Amino acid sequence: MDIFLQQLINGLTLGSIYGLIAIGYTMVFGIIGMVNFAHGDVFMVSAFIALICVLLLTTVVGISSIFLVLAITLVVAMAFTGLVSWAIERLAYRPLRGSFRLAPMISAIGMSIFLSNFVQVAQGPRNKPLPPMVPDVIVLMERDGYQVTLAYKQILIMAVTAGLLFGFWWLVQKTPLGRAQRACEQDRKMAALLGINVDRTISLTFVIGAALAAVAGVLYLMYYGVVNFADGFVPGVKAFTAAVLGGIGSLPGAVLGGLLIGLIETFWSAYFSIEYKDVAAFSILVVVLIFMPQGLLGRPEVEKV
Amino acid sequence: MAAASFTPKVPKSWDRDPLLKVDHLSMRFGGLVAVGDVSFRAGRGEVTAVIGPNGAGKTTVFNCITGFYKPSTGRLALMQGGPATMAELDALTAGGRAWAKTAAGATYLLERLPDHKVSSRAKVARTFQNIRLFSGMTVLENLLVAQHMSLTQAGLINPVALLNLPSWRRKQKAALELALYWLDKIGLTARADDPAGDLPYGDQRRLEIARAMCTQPVLLCLDEPAAGLNPRESHELNTLLRAIRTEHQTSILLIEHDMSVVMEISDHVVVLEYGRKIADGAPGDVRNDPKVIASYLGVEDEAEAVAVTGVPA
């Protein structure tokens, strides 16, 4: 019971981060039908931006309040990562729109390699550590020397994720931008004929997806306290898996998928063997997709006319 | 304007005050000439019908006008406010710009505008032969999405919406009111929150027209609006189209096979065959044109010719 509770907390924390990244995959796929393989690396870049920002704020500017540092870092990382993603879309994907289907995918893989190599060269190949932030924990229960703890930073991660998801849901459901996005998702040409600037809507989709990935990047850095140029790959693949598991194109699906992947991973590590945690997560993905090819919350393939 | 139907006047109303001037429009797909050197005018405040047998190039003309295709050659001048003078039009054509202010208003060269600006700037809206509603969105959302431009104009992009400024709220309210007005007009107020894809066919047709009207167009292009409608729905459609013309000063360009609709509501008929124009005039004149009768059915098939044109061949 105590281990179960602890792993539930850990799994939800990890799953929140996956969910935030997964939204970027699912949104971009929904609107232009492309898997943005560079998204995981955009997440990694955001963690580096956050790292630099935290170090600058604490050492050069000398802000001592850790929450103020985190809040500023969050805003800075979202802005810069959004800019990076906007540039990627503009340079690497938009010129290829309308060419054959595989072209933007190859371009995305190229962007992914470019970003990780660029960071490797610019920041060095070693792990970049940060001193632990927000180390306090709440002890929920204690038995036989095993403490079930809920760290403040875990609360922070879940709260930020929940808040953002609500804001994001509001954006998509209630604002003109969200309506334009959903319209472009269903019929881009028709949306253009109603006066919607489709290119701009797609750009904004990339920026929003990247901003959510940047939040994940900041939270990831705060949680693990270390980041590396190759850290975009595995969380990226996991988040993509989460998006597919939840039903690609479905926003609640991305979050649900993220939470499930996080939970499967942590529970498997706790009860079976930690070496096989990724095998377990992906095996469950395969099984779900065999029986529900459209994912958990995905719509069945609709014919576009 | 409406009474112009049976009294041929010189010059014709659409020549005197054209809203849309199509000059030497050609559209080629590889070696295939879908539309070859078609010129016609659509009068301001009038209903202009484009008719012709299947494959005559009617929809291609529409696709060029609404920015769906870029025409191979030709000029499509839309004149808001009033007709542009020849000199103004020539100057605009010679220059590289897509639009210019004229003494009477503004003139847009549609072939030079990107697709979304044909709607947002030139104010041309269209519907499709096969309905293209956003079927996963609600009926109301379909009408609101068509007002995206007026909601986001003047720098009011989304982050500002979060601040809930009064001017923003006013715009949203205005958008909602316009949507509700059109919902009422097409009799779908009760179904505002249902997915558009769940509506019966005839309602979807009218919703598509209402959605186009929510972009507040000066020219509404309808591609076979009566296709697949039963007589009652077809009658409702005529009522709606007449209301649009009289109450909203929106000119209508119409592709239609249903001659009862064409003869009843149009002021001006343009007939295409094999991508070329074969007749152009008031409905009464066109109906009696031997070339039109022949092209529709071949001369010998008298019975069907009568059924289509209402006049023995």
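Residues numbered from 1 in each chain as written. Chains lettered and ligands numbered in written order. Predicted model: local features only at pLDDT ≥ 70, side-chain atom pairs only at ≥ 80, totals over all residues. Heavy atoms only, no water.

1. Section: the sheet that holds strand β11 (residues 276–281) of chain B
All names here are of chain B.
Then step 1. Overall, mixed pairing links the 6 strands, which are arranged β7-β8-β9-β3-β10-β11 in an open sheet. Lying at the two open borders of the sheet, with one neighbouring strand each, are β7 (124–126) and β11. Across the sheet, the mean angle from the axis of one strand to that of its neighbour is 20°, orientation sign disregarded.
Then step 2. Where β7 and strand β8 (residues 219–223) come together, 3 bridges link them in parallel fashion. When the bridges of β8 are listed, Ala 125 appears paired with Leu 220.
Then step 3. Here helix α2 (residues 58–65) sits on the sheet in contact with β3 (47–51), β7, β8, β9 (251–255) and β10 (268–273), set at roughly 145° to β9.
Then step 4. Relative to the sheet, helix α9 (residues 201–213) contacts β7 and β8, its axis offset from that of β8 by approximately 155°. (Pairing = 2+ DSSP bridges. Helix = DSSP H or I, 4+ residues; strand = E, 2+ residues; numbered from the N terminus. Axes fitted to C-alpha atoms, helices over the stretch in contact; angles between N-to-C directions. Contact = heavy atoms within 4.5 Å.)

2. Details of helix α2 (residues 39–61) of chain A
Then step 1. For α2 of chain A, spanning 23 residues, the distance from its first C-alpha to its last is 31 Å, which sits close to the expected 33 Å at 1.5 Å a residue.
Then step 2. One or two steps after α2 of chain A, the chain reaches Gly 62 of chain A, where phi turns positive at roughly 75°. (Expected span 1.5 Å × (residues − 1).)

3. Focus: the UniProt feature "transmembrane region" (unreviewed entry) in chain A
Residues and elements named next belong to chain A.
Then step 1. The UniProt record annotates "transmembrane region" (unreviewed entry) at residues 12–35, 42–60, 66–88, 100–122, 151–172, 202–223, 243–267 and 279–297.
Then step 2. Secondary structure content for residues 66–88 is 100% helix and 0% strand, while the C-alpha to C-alpha distance between its ends is 32 Å.
Then step 3. End C-alpha atoms of residues 243–267 are separated by 20 Å, and the span's content is 84% helix alongside 0% strand. (UniProt positions renumbered as here; feature names shortened; annotations may be inferred.)

4. Observations regarding the interface of chain B and chain A
Then step 1. Between chain B and chain A, the residue contacts involve 30 residues of the former and 23 residues of the latter.
Then step 2. Together, the buried faces of chain B and chain A total about 2,400 Å²; carbon and sulfur atoms form 62% of this surface.
Then step 3. There are 3 salt bridges connecting chain B and chain A.
Then step 4. Of all the secondary-structure elements, those providing two or more residues to the side of chain B that touches chain A are α4 (115–120), α5 (139–145), α6 (148–152), α7 (158–162) and α8 (166–185) of chain B.
Then step 5. In the side of chain B that touches chain A, the residues fall into 12 nonpolar, 13 polar and 5 charged. (Buried area = accessible area lost by both parts, 1.4 Å probe. Salt bridge = Lys/Arg side-chain N within 4 Å of Asp/Glu carboxyl O. Nonpolar A, V, L, I, M, F, W, Y, C, P; charged D, E, K, R; others polar.)

5. So, the domain arrangement of chain B
Residue and element names in this part refer to chain B.
Then step 1. Segmentation of chain B into domains returns domain 1 (2–123 + 218–309) and domain 2 (132–216).
Then step 2. Interface area for domain 1 against domain 2, summed over the two sides, is near 1,500 Å², with a carbon-plus-sulfur share of 65%.
Then step 3. Together, Leu 220, Leu 240 and His 248 form the three largest contributors to the area buried by domain 1 at its contact with domain 2, with a combined 27%.
Then step 4. Inspection of the region where domain 1 meets domain 2 yields 2 salt bridges.
Then step 5. With its nearest N and O atoms 3.5 Å apart, the salt bridge here joins Arg 206 to Glu 236.
Then step 6. Summed over the shared surface of domain 1 and domain 2, the number is 7 residue pairs in polar contact (both at pLDDT 80 or more).
Then step 7. Looking at the side of domain 1 that touches domain 2, the elements that each hand over two or more residues are α4, β8 and α10 (231–248). (Domains from an automatic or database assignment. Polar contact = N/O pair within 3.5 Å; in protein donor to acceptor, adjacent residues only side chain to side chain.)

6. Notes on the pattern of salt bridges
Then step 1. What the rule picks out here adds up to 26 salt bridges over all chains.
Then step 2. Arg 132 of chain B is the salt-bridge partner of Asp 187 of chain A, the closest N and O atoms lying 2.8 Å from each other. Here the residue Asp 187 of chain A occupies a position in the loop between α6 (176–186) and α7 (188–193), and Arg 132 of chain B occupies one in the loop between β7 and α5, the pair thus bridging two chains.
Then step 3. With relative accessibility at 11%, the residue Arg 132 of chain B sits in the buried group.
Then step 4. One connected set of salt bridges, linked through shared partners, spans Asp 15, Asp 23, Arg 41, Arg 75 and Asp 90 of chain B. (Buried < 20%, exposed > 50% of the residue type's maximum accessible area, 1.4 Å probe, protein only.)

7. Topic: the environment of Met 213 of chain B
Residues and elements named next belong to chain B.
Then step 1. Looking at the secondary structure, you find Met 213 in helix α9.
Then step 2. For Met 213, a relative accessible area of 4% puts it in the buried group.
Then step 3. Sequence separation between Met 213 and Val 124 is 89 residues, and the spatial gap between their C-alpha atoms is 9.7 Å.
Then step 4. Not counting residues up to four positions away in its chain, the partners in contact with Met 213 are Trp 182, Leu 220, Ile 244, His 248 and Thr 250.

8. A word on the sheet that holds strand β1 (residues 18–29) of chain B
Residues and elements named next belong to chain B.
Then step 1. If you trace the 5 strands from one edge of the open sheet to the other, you get β2-β1-β4-β6-β5, paired in antiparallel fashion. The outermost strands of the open sheet, each flanked by one partner alone, are β2 (32–43) and β5 (99–101). Going from strand to strand, the sheet's axes swing by 15° on average, the running direction of each strand aside.
Then step 2. Direction of pairing for β1 relative to strand β4 (residues 73–80): antiparallel, over a ladder of 5 bridges. In the sheet register, Leu 20 faces β4, and the bridge partner there is Leu 78.
Then step 3. Set on the sheet, α2 makes contact with β1, β2 and β4; between it and β1 the angle comes to about 115°.

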